[in-house]
Amino acid sequence: MPPPLSAEAAKNKTDGLRLVRILLPIVVLAVVVVLWDLVVRLNNIPPYVLPGPGAVMTTLVHDWPVLSQSLLTTLVTTLEGFLAAAIGGIALALLFNQSKWLEYSLFPYAVILQVTPVIAIAPLLLIYLPQQTAVIVCAWIVGFFPVLSNTTLGLNSIDRNLAGLFQLYGASRMQTLRYLKLPSALPFILGGLRIAGGLSLIGAVVAEIAAGSAGAGSGLAYRIAESGYRLNIPRMFAALLLLSVAGIVIYGLLALASHLMLRRWHESALGKEI
Amino acid sequence: MIGPAASTESGSSASDGVAVSLRGVTKVYDSGVLALGPLDLQVGKGEFVSLLGPSGCGKSTALRLIAGLNTATAGTVGVSSRSRQMAGHSIGFVFQEPTLMPWANVRENVRLPLKLARTPEIDSEPRVQQALAHIGLSEFADAFPRELSGGMKMRVSLARALVTDPDILLMDEPFAALDEITRFRLNNDLLSLWRNLHKTIIFVTHSVFESVYLSQRIVVMTSRPGRLSAEIRIDAPQTRGEDFRTSAAYAQYCRQVSNALAPSYAGQRDS
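What counts and how
Residue positions are given per chain, counting from 1 as you read along its sequence in written order. Think of it this way: whatever chain is written first is A, whatever ligand is written first is 1, and the rest follow in order. In keeping with the model being predicted, local features are shown solely for residues with a pLDDT of at least 70 and side-chain atom pairs are shown and tallied solely at 80 or more, while totals for entire chains, interfaces and linings include all residues. Heavy atoms throughout the structure, all of them, feed into the side-chain values; hydrogens and water do not. For two strands to count as paired, DSSP must find a minimum of two bridges between them. Starting at the N terminus, helices and strands are each numbered in turn, a helix being any DSSP run of H or I of at least four residues and a strand any DSSP run of E of at least two. Where helices are involved, their axes are fitted lines through C-alpha atoms of the stretch in contact, as for all axes, and angles between N-to-C directions lie from 0 to 180°. Residue contacts are counted whenever heavy atoms from the two residues lie within 4.5 Å of one another. For the exposure calls, accessible area comes from a 1.4 Å probe over protein chains only, and a residue counts as buried if that area is under 20% of its type's maximum, exposed if over 50%, partly exposed in between.

**Some remarks on the sheet that holds strand β2 (residues 34-44) of chain B**
Residue and element names in this part refer to chain B. The strand order β2-β1-β4 describes an open sheet built from three strands, whose pairing is antiparallel. Both outer strands of the open sheet, β2 and β4 (74-79), are each paired with one neighbouring strand and no more. Here the average twist between neighbouring strands, direction ignored, is 15°. Judged from the seven bridges that link them, strand β1 (residues 18-28) and β2 form a sheet pairing that is antiparallel. Of the residues in β2, the one forming a bridge with Val20 is Val43. The strands that helix α1 (residues 59-67) touches are β1, β2 and β4; relative to β1, the one it contacts most, it runs at about 120°.

Take a look at the structure:
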């Protein structure tokens with residue numbers, strides 16, 4: 001029989017596991033980059049077909065003034081779309097929660113808006129709205145539904161006994177909303193916001209690409225489309241890299257915010273040792 | 001002793017007055033099932049009464065009717081309320097689960113009834129501290145519910161019910177999910193709270209032993225529909241402890257209550 005692990009050995013073991021979990025994806029990334037580089041070098045692939053990782057990084061540094069400007073534009077659009085989605089989704093869910101009539105009348109249209117591909121709506125919006133507004137509306141359309149449906153789910157998942165307690169003590173509608181419904185819906189709302197963050201970026205990119213064909217715009221997606229026309233493949237890769245980093249950062253920030261808000265009480269944010 | 005009682009005289013000391021009275025109360029659910037009644041019940045002020053019966057016999061329903069959480073289909077539910085100097089509510093309710101808000105710490109959970117009554121924090125704080133002191137949880141005021149054991153959560157729930165200084169405390173199988181040792185300790189604490197604070201307590205349970213240990217009077221109910229089948233008065237001193245739990249009188253009462261309860265279960269065997 002193996003001797004029982006001492007506390008220190010156990011701690012070392014969990015620390016080691018954590019290190020492995022961080023290191024493994026990095027190792028995979030390194031292997032892929034090296035393979036990519038080797039394939040490009042050994043086959044003498046020209047950069048306008050497939051640039052090596054070195055060429056992409058060089059372009060990233062060299063074109064940084066242009067690309068950073070585009071990154072900023074896309075991020076601002078995403079942020080505006082995300083805020084609109086968050087506010088719109090939560091407000092609509094609250095309205096639905098207060099009035100069943102409103103919910104029955106409007107919810108089907110929220111679903112329709114969600115299931116119609118945004119790429120198909122974007123060209124229409126660009127006809128009727130100023131371009132910047134159209135891009136934000138696209139980001140909003142994609143982002144608001146998860147917030148709406150998650151918040152609705154959260155507002156409906158209240159502990160029945162707690163609701164009875166609020167009734168017993170004569171809580172007003174506003175008190176029930178503020179002290180019971182919103183706090184118990186918070187984990188659901190934050191989950192919806194996490195999805196909406198990524199989706200807002202997608203909405204912004206889709207709208208930029210749709211707008212890009214109309215000639216204007218300067219976001220990252222527009223850069224990708226533009227570089228494609230000019231066969232500037234390294235810049236396409238560089239812009240794509242920035243987009244995906246932006247997506248990761250947005251997700252990470254929202255996950256962090258969610259963790260900070262829930263860590264004292266919600267199961268999802270608790271450590272496993274408890 | 002056994003057998004249905006259509007109408008009941010409570011026989012409680014008349015000078016104290018009546019805290020709760022149910023007259024011909026029935027409750028029919030939307031599905032058409034007759035859950036309760038007709039039930040007549042009188043509880044005197046300051047009395048400790050247990051409603052005892054099998055699961056699903058409508059004792060919780062009766063409690064919810066008294067609390068005003070549900071409305072009776074027929075009959076009258078009367079609850080006396082003295083004029084209150086302090087803001088709050090004259091009924092405290094303790095559910096089977098602790099029913100705490102997981103996002104709020106112990107202090108805020110206990111404060112909730114006062115907050116809903118819009119009591120300013122400066123007035124509510126001493127009352128919250130007093131309620132916490134009553135149930136011995138003062139040093140856990142800043143803990144979150146998930147950090148507490150089942151027994152401690154139940155104590156917080158009790159403190160929350162006491163914080164409005166209610167006249168009547170309704171308890172719906174509050175200790176059913178706890179282990180026996182914790183349950184005994186909470187039983188003792190509840191008895192001393194009852195003696196010191198002079199509350200009327202209606203206690204729903206399906207435990208014969210718990211009901212005999214705690215109550216002055218036990219109301220045995222039949223199941224589906226819940227009706228009153230027997231009433232047993234426990235003539236034991238108000239100060240009860242381990243010596244009462246191990247006494248011959250206690251065992252005698254338990255046997256008597258079990259016998260009274262047996263017919264309630266007879267119809268349930270095959271379900």
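**A closer look at helix α9 (residues 220-229) of chain A**
Residues and elements named next belong to chain A. Of all ten residues making up α9, eight are buried, and the element is well covered by its neighbours. Of all the positions in α9, only Leu220, Ala221, Tyr222, Arg223, Ile224, Ala225, Glu226 and Ser227 are classed as buried. Backbone geometry just downstream of α9 places Leu231 in the positive-phi region, at approximately 55°.

**Focus: the sheet that holds strand β7 (residues 200-205) of chain B**
By definition, the strands of a sheet pair up through backbone hydrogen bonds, in either a parallel or an antiparallel sense. All names here are of chain B. An order of β5-β6-β7-β3-β8-β9 is seen for the six strands of this open sheet, with the pairing classed as mixed. Each of the sheet's edge strands pairs with one partner strand only, and the pair in question is β5 (91-94) and β9 (228-233). Direction aside, neighbouring strands of the sheet carry axes that sit 15° apart on average. Pairing between strand β8 (residues 217-221) and β9: five bridges, direction antiparallel. Residue pairing for β9: Val220 is matched across the bridge by Ala230. Here helix α4 (residues 150-162) sits on the sheet in contact with β5 and β6 (168-172), set at roughly 165° to β5.

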